[in-house]
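# Secondary and tertiary structure notes
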There are 2 protein chains.
Amino acid sequence: MQLRVKAWLEQDGRAVFGEGLLELLRKVEELGSLSAAANSMSMSYREAWGRVRDAEQRLDRPLLIRHAGGRGGGGARLTEFASGLLTRFARIEDELHQIAAQLAQRHLAGI
Amino acid sequence: MQLRVKAWLEQDGRAVFGEGLLELLRKVEELGSLSAAANSMSMSYREAWGRVRDAEQRLDRPLLIRHAGGRGGGGARLTEFASGLLTRFARIEDELHQIAAQLAQRHLAGI
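On a predicted model such as this, the values are computed, not experimentally measured, just so you know. Residue numbers here run from 1 along each chain, matching the order of that chain's written sequence. Each chain takes a letter, starting from A, and each ligand takes a number, starting from 1, following the order in which they are written. In keeping with the model being predicted, local features are shown solely for residues with a pLDDT of at least 70 and side-chain atom pairs are shown and tallied solely at 80 or more, while totals for entire chains, interfaces and linings include all residues. Hydrogens are left out, water is left out, and the side-chain values use all remaining heavy atoms of the structure.

So, on to the relation of the copies chain A and chain B. When the copies are overlaid, the least-squares fit takes in C-alpha atoms only where the residue has pLDDT of at least 70 in both copies. Superposing chain A onto chain B takes a rotation of 180° plus a shift of 0.0 Å along the axis, which leaves an RMSD of 0.0 Å. Taken together, the turn and the small shift mark the pair as related by a two-fold rotation axis. No C-alpha of chain A approaches the rotation axis more nearly than that of K6(A), which lies at 2.6 Å. Residue contacts follow a heavy-atom distance rule, with two residues in contact if any of their heavy atoms lie within 4.5 Å. Mapped onto chain B, 100% of the interface residues of chain A again fall at the interface, so both copies present the same surface.

Let us look at the interface of chain A and chain B. Interfaces are often described in size by the accessible area the parts lose on coming together. Chain A puts 29 residues into the contact, and the matching count from chain B is 29 residues. Roughly 2800 Å² is buried in total at the junction of chain A and chain B, and carbon and sulfur atoms are behind 66% of that figure. Only one rule defines a salt bridge in this text: a Lys or Arg side-chain nitrogen within 4 Å of an Asp or Glu carboxyl oxygen. Put simply, chain A and chain B have 4 salt bridges between them. For R4(A), the salt bridge is made with E10(B), and the minimal N-O distance between the two is 3.2 Å. Polar contact is defined as a pair of N or O atoms within 3.5 Å, subject to the rule that within protein one atom must be able to donate a hydrogen and the other to accept it, and that residues adjacent in sequence are counted only when both atoms are side-chain atoms. Joining chain A to chain B, the criterion identifies 15 residue pairs in polar contact (both at pLDDT 80 or more). Contributing elements (two or more residues each) for the side of chain A that touches chain B: β1 (2-11) and α4 (80-107) of chain A. Here the side of chain A that touches chain B takes 11 residues from α4(A), the largest share from any one element. Any residue that is not Ala, Val, Leu, Ile, Met, Phe, Trp, Tyr, Cys, Pro, Asp, Glu, Lys or Arg is counted as polar, Gly included; the first ten are nonpolar and the last four charged. Along the lines of polarity and charge, the residues of the side of chain A that touches chain B split into 17 nonpolar, 4 polar and 8 charged. Where β1(A) lies against strand β1 (residues 2-11) of chain B, 9 bridges are found, and the strand directions are antiparallel. Across the sheet, the residue bridging to Q2(A) is E10(B), located in β1(B). As used here, buried area is the combined drop in accessible area, with a 1.4 Å probe, of two parts when they are placed together. A run of H or I in DSSP becomes a helix once it reaches four residues, and a run of E becomes a strand once it reaches two; helices and strands are each numbered from the N terminus. Strands are labelled as partners when DSSP assigns at least two bridges between them.

So, in structure tokens, the structure goes:
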């Protein structure tokens, strides 16, 4: 039997940040564009944009800085706030998964 | 911002035990009957029975011992396996929530 854990952040009782957004923002950071990030996750641009916009509205803070034009038709990068949130949440997830492995070993041995 | 965590158990990639079943089995233990347990959780007997049966099938082990007849029309109690699973999962959840509070304090301070 395997122990699975999931973490997310809430503000005023509403989910504002989780694994999906973490992955999407990481891809934006890596690829420099929301459409490229969406594409790499087999997600439509509309879907990706919707997720970011919903999170921005709930957090009442921008997550992406869009810049238009130039070769490749513009792009996006993370705000300082988004970058900080990504780092913090990634650390939380890493530690949580390590701890879950220990808990599983301690409590699920032999079943 | 609040950190939320959720834990569940999987077997062969399928969810077999989580918070819902934990609560339901605890109520069966407390009330001695699946219909009373379902009722206390504002759940239909059909729904409760379905959840237990699904989990039993996935685990390939019985979780409840049903006994018919007598005053109140029979009842149910946990198998030793279900009781052990409940205890282990409850400990895992307790520890996980304590750890989540520490992680939140360490990583989410000031945002």
